[in-house]
Amino acid sequence: MAGKTLYDKIWDAHVIAQDGAEAILYIDLHLIHEVTTPQAFAGLRAAGRPVRRPDRTLAVADHNVPTIGQALGVNAVEDEEARLQLQTLGRNVADAGIEYFQMGDPRNGIVHVVGPEQGRTQPGMTIVCGDSHTSTHGAFGALAQGIGTSEVEHVLATQTLRQARSKNLRVTVDGQLGPGVTAKDMALAIIGTIGTAGGTGSVIEYAGEAVRALSMEGRMTLCNLTIEAGARAGLVAPDDKTFDYIRGRPSAPKGAAWDMAVSYWKSYFSDPDALFDREVRLNAADIAPTVTWGTSPEDVVSVTGLVPDPDSFATPDKRASATRALDYMGLIAGQPITEAKVDVVFIGSCTNSRIEDLRAAAEVAQAAFLEGRLVAPHVRAMVVPGSGLVRDQAEAEGLDALFRASGFEWREPGCSMCLGMNPDRLAPGQRCASTSNRNFEGRQGRGGRTHLMSPAMAAAAAIAGHIVDVRTFLTV
Amino acid sequence: MKAFTRLDGRAAPLGLANVDTDQIIPKQFLKTVEREGLAKGLFYDFRFDEAGKEKTDFVLNRPEYRAASILIAGDNFGCGSSREHAPWALMDFGITCVISSGFADIFHNNCLNNGLLPVVLKPQEVEALMEEAKGGNHVFTVDLETQTVSAPSGAKFRFEIDPDRKHKLLEGLDAIGETLQHAPSIDVYEMKRALAQPWLEA
Ligand code: SF4
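All values derive from a computational prediction rather than experimental measurement.

Draft legend 1. Up close: the packing of aromatic side chains. As enumerated under the stated definition, the model contains 18 aromatic pairs over all chains in all. Between F243 of chain A and W265 of chain A, the aromatic rings sit 5.9 Å apart at their centres with planes inclined by 25 degrees, giving stacked as the arrangement. Taken together, the residues span a long stretch of sequence, with F243 of chain A in helix α9 (residues 240-246) and W265 of chain A in helix α10 (residues 256-265) at a distance of 22 residues. Accessibility expressed as a relative area gives 4% for F243 of chain A, which makes it buried. Seen from their ring centres, F77 of chain B and F107 of chain B are 5.4 Å apart, and the 75 degrees between their planes marks the pair as edge-to-face.

Listed below in structure tokens is the structure:
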């Protein structure tokens, strides 16, 4: 019999019962936030059902929070509906006895930054959250997936999820990434290769030399973007880097339990003879710094490339979507992508707001600063750390001072301009170089035009005032 | 959950691929703590211009499709965010069935959990239905029992659906209630886990 994949192992270890095609899967960790939970708690109340495992649930406030004045708590939230939503979460978790990192608590931040940072995210776990970028936690070799609100209610009530088994897709990236090329570029290149529906029905395991070489934070960026390839979850097998990252964090196992946990975690890898339903291989050396030109994350182009011609697409609905995208983005087919002048730069989101991301952006800002170059006068550039603890770390390293001196705004943690539910958003027609994960129409604000890219590329764009290849930017 | 058995209704064609949940219901409508009332935000940026006026050319604004209960959409419908507000908004608008050649996983699940039927057909079948829906007669029949979609021309296509999902939809069953029948197994699982992975019980 063939061996098991990493996904198979986690799956098998969590199946409680089979109900037709659906398994009832035990959930080890449930992360919740204000936007996708009020209707779930209301449902529980209506049915008189308690929360089964408040101790395996953690709540944060992230989507709605303004990125200034958080010390005031919910009172900093001007929008009445948003404030009500945050207050509702506060009441719901208090009633249920769920731990909650409130606004202003340094441990609070974007849910997918907080879980790993606290050591809650661990290999071999099943993790869910009412947010599609839960795939981030797969970087630790945990089966982590986004769920809808009905499923949030189901997990709160039963600590299980009903689900049919997914297919196994392995994406192997061989070789080494070139200088100036990051996990973000790798992820965008993968989505460009397999498409936004390429992973539908599958869980993607990332493997290969270039993936192993990524830091834990790079792996989180890669897994974060898995959902943009249509797969609910991405996985990287845990290794010493994983264990080193977890060790000593507040919720990491301690003492004898640590050794027990590590030996358990070490069983989570794909057996050499495991069968995958599909395999995709890329060569890291072929990946250039990558940006998006359109309104779907699969609309990618190398920074040295040109905006594509809609006629070059295969199907009528793809051609229609590309034509619409170019019109929306205000771009012309055949134009070099570096001609796109930016108005706003956003460095943040659960994709790229960890300390290494901020360091990478700061490195570019500093190199430019030493040449006497600041953020271009027509650009509004903002840096939003992923959590209060990331903010504290960056400030201890002096990154905030460097960003400010270069003309960047240094903000307080939250989802910020990733989705523009809070006051940070684009005005119609504004073009944004963004380290976030979605370039959908209106995602960052109605009529806003988003180009996804890495933190270093976004910092370079802030200074150049247009999309620019960070590799040439750093040597001129 | 509302049961879904058979639907005779108007079908509206939306011939775009990769329609994401941000487009189905933009974020400004996610601040609600209710499930109801989201129809006003459905496809907001498609339906309304910057001044909040209806765009006359958008399919659901055209008189013949205003009362549509079936949406025929391009491939990979519902990609992006996990927001369940997307099916809630569709249902609040009156749409209880979406037909496409493919759905994003989370959206697909969210639909089924709310009694909205996602029908997957082959690309050429979806295209044929899309063409018919553009014509004068666009009242279609979707029958879950026989797993078929019938167009006014008489064209009939069969779709696949997981038998348990089908059963739950037909009966309008509550998934939580079903799962709680397995509560003893969950208890046992938790006891075993506490022994094998004590660090998770801190
Ligand atoms: S940063 Fe963006 S993608 Fe991540 S959780 Fe927040 S809104 Fe979602």
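Draft legend 2. Expanded view of the packing of helix α6 (residues 183-194) of chain A against helix α8 (residues 216-224) of chain A. Residues and elements named next belong to chain A. Relative orientation of the contacting elements α6 and α8 amounts to 25 degrees, with a least axis distance of 8 Å. Between α6 and α8, the angle is such that the two are roughly parallel. The handedness of the crossing between α6 and α8 is right-handed. Where α6 abuts α8, its residues A183, K184, M186, A187 and I190 lie against G218, T221 and L222. Grouping the constituent residues of the contact of α6 with α8 by class yields five nonpolar, two polar and one charged.

Draft legend 3. Fine view of the sheet that holds strand β17 (residues 408-410) of chain A. Residue and element names in this part refer to chain A. Ordered in space as β17-β16-β15-β18-β19, the five strands form an open sheet in which the pairing is parallel. Every interior strand has two partners, whereas the edge strands, β17 and β19 (449-452), have only one. For this sheet the average axis-to-axis angle between neighbouring strands, irrespective of direction, equals 20 degrees. For strand β18 (residues 431-434) and β19, the ladder comprises four bridges, and the chain directions are parallel. What sits directly across from R431, in β19, is R449. Where helix α15 (residues 455-464) meets the sheet, it contacts β15 (344-347), β16 (380-383), β17 and β18, and its direction lies at approximately 155 degrees from that of β15.

Draft legend 4. Inspection of the interface of chain A and chain B at higher detail. Facing the 77 residues of chain A at the interface are 63 residues of chain B. A combined buried area of about 5700 Å² lies between chain A and chain B, and 52% of that area is made up of carbon and sulfur atoms. Of all residues in chain A, the largest losses of buried area upon contact with chain B belong to Q39, R52 and R446 of chain A, amounting jointly to 12% of the total for that side. Where chain A meets chain B, there are 12 salt bridges.

Draft legend 5. Geometry of the environment of P118 of chain B. All names here are of chain B. Mapped onto the secondary structure, P118 falls in strand β4 (residues 117-120). Distance from P118 to F159, taken between C-alpha atoms, is 9.9 Å for residues 41 residues apart in sequence. Each residue touching P118, except ones within four places of it in the same chain, is listed here: V98, F103, H108, C111 and L112.

Draft legend 6. Spatial organisation of the sheet that holds strand β3 (residues 97-100) of chain B. Residue and element names in this part refer to chain B. Across the sheet, which stays open at both edges, the seven strands sit in the order β4-β3-β2-β1-β5-β6-β7 with mixed pairing between neighbours. Either end of the sheet is taken by a strand with one partner, and the two such strands are β4 and β7 (156-158). Across the sheet, the mean angle separating the axes of adjacent strands is 25 degrees when strand polarity is ignored. Relative to strand β2 (residues 70-73), strand β1 (residues 6-14) is paired through four bridges, and the arrangement is parallel. Counterpart to P13 in the pairing with β2 is I72.

Draft legend 7. Spatial organisation of helix α13 (residues 388-396) of chain A. Residues and elements named next belong to chain A. By the burial criterion, the buried members of α13 are G388, V390, R391 and A394. Seen end-on, α13 carries its buried residues on one side only, within an arc spanning 160 degrees. Here the buried face of α13 lies against α4 (111-117), α12 (355-370), α14 (399-406) and β17. A distance of 3.3 Å separates the backbone nitrogen of L389 from a side-chain oxygen at the start of α13, and that oxygen is part of S387. Phi turns positive one or two residues past the end of α13, at G398, with a value near 80 degrees.

Draft legend 8. Main features of the pattern of salt bridges. Applying the stated criterion to the full structure yields 46 salt bridges over all chains. Residue R438 of chain A is joined to E228 of chain A by a salt bridge in which the shortest nitrogen-to-oxygen separation is 2.9 Å. Note that R438 of chain A is positioned in the loop between β18 and β19 and E228 of chain A in the loop between α8 and β11 (233-235), a separation of 210 residues in sequence. Assigned by exposure class, R438 of chain A and E228 of chain A land together as buried. The structure contains a network of salt bridges with shared partners spanning D28, R52, R53 and D55 of chain A together with D187, E190, R193 and E201 of chain B.

Draft legend 9. Broad picture of the pairing of β16 of chain A. All names here are of chain A. Bridge count between β15 and β16: four bridges; the pairing is parallel. Along β16, the bridge assignment pairs V345 with A381. Handedness of the crossover joining β15 and β16 through α12 is recorded here as right-handed.

Draft legend 10. Fine view of the state of the cysteines. The full count for this structure, using the stated rule, is zero disulfides over all chains. C418 of chain A provides the cysteine sulfur closest to C432 of chain A, a residue in no disulfide bond, and the two sulfurs are 10 Å apart.

Draft legend 11. Spotlight on the nonpolar core. Of all hydrophobic cores here, the largest spans 88 residues; its most connected members are F408 of chain A together with F43, L60, F77 and L90 of chain B. Broken down by element, the residue count for this core peaks at eight residues, all from α15 of chain A. In this view, F77 of chain B contacts L14, V19, I24, F43, L71, L90, V98, S100, G102, F103, A104 and F107 of chain B; residues no more than four positions away in its chain are not counted. In this structure, L31, M216 and W265 of chain A together with W199 of chain B belong to the second largest nonpolar core, which totals 52 residues.

Draft legend 12. Examining the packing of α12 of chain A against α13 of chain A more closely. All names here are of chain A. Viewed as axis vectors pointing N to C, α12 and α13 meet at an angle of 40 degrees, and their least axial separation amounts to 10 Å. On the basis of the axis angle, α12 is oblique to α13. For the element pair α12 and α13, the recorded crossing hand is right-handed. Contacts between α12 and α13 involve I355, L358 and R359 from the first element and V390, Q393 and A394 from the second. Each residue belonging to the contact of α12 with α13 can be placed in one class, and the counts come to four nonpolar, one polar and one charged.

What counts and how
Residues numbered from 1 in each chain as written. Chains lettered and ligands numbered in written order. Predicted model: local features only at pLDDT ≥ 70, side-chain atom pairs only at ≥ 80, totals over all residues. Heavy atoms only, no water. Phe/Tyr/Trp six-rings, centres within 6.5 Å; stacked < 30°, edge-to-face > 60°. Helix = DSSP H or I, 4+ residues; strand = E, 2+ residues; numbered from the N terminus. Buried < 20%, exposed > 50% of the residue type's maximum accessible area, 1.4 Å probe, protein only. Axes fitted to C-alpha atoms, helices over the stretch in contact; angles between N-to-C directions. Parallel < 35°, antiparallel > 145°, perpendicular 65-115°, else oblique. Left-handed = near helix turned anticlockwise from the far one by under 90°. Contact = heavy atoms within 4.5 Å. Nonpolar A, V, L, I, M, F, W, Y, C, P; charged D, E, K, R; others polar. Pairing = 2+ DSSP bridges. Buried area = accessible area lost by both parts, 1.4 Å probe. Salt bridge = Lys/Arg side-chain N within 4 Å of Asp/Glu carboxyl O. Arc of directions from axis to C-beta. Polar contact = N/O pair within 3.5 Å; in protein donor to acceptor, adjacent residues only side chain to side chain. Right-handed = clockwise from strand over helix to strand, strands pointing away. Disulfide = S-S within 2.5 Å. Core = buried A, V, L, I, M, F, W, Y, C linked by side-chain atoms within 4.5 Å.

All quantities given are derived from atomic positions and should not be read as evidence of function.
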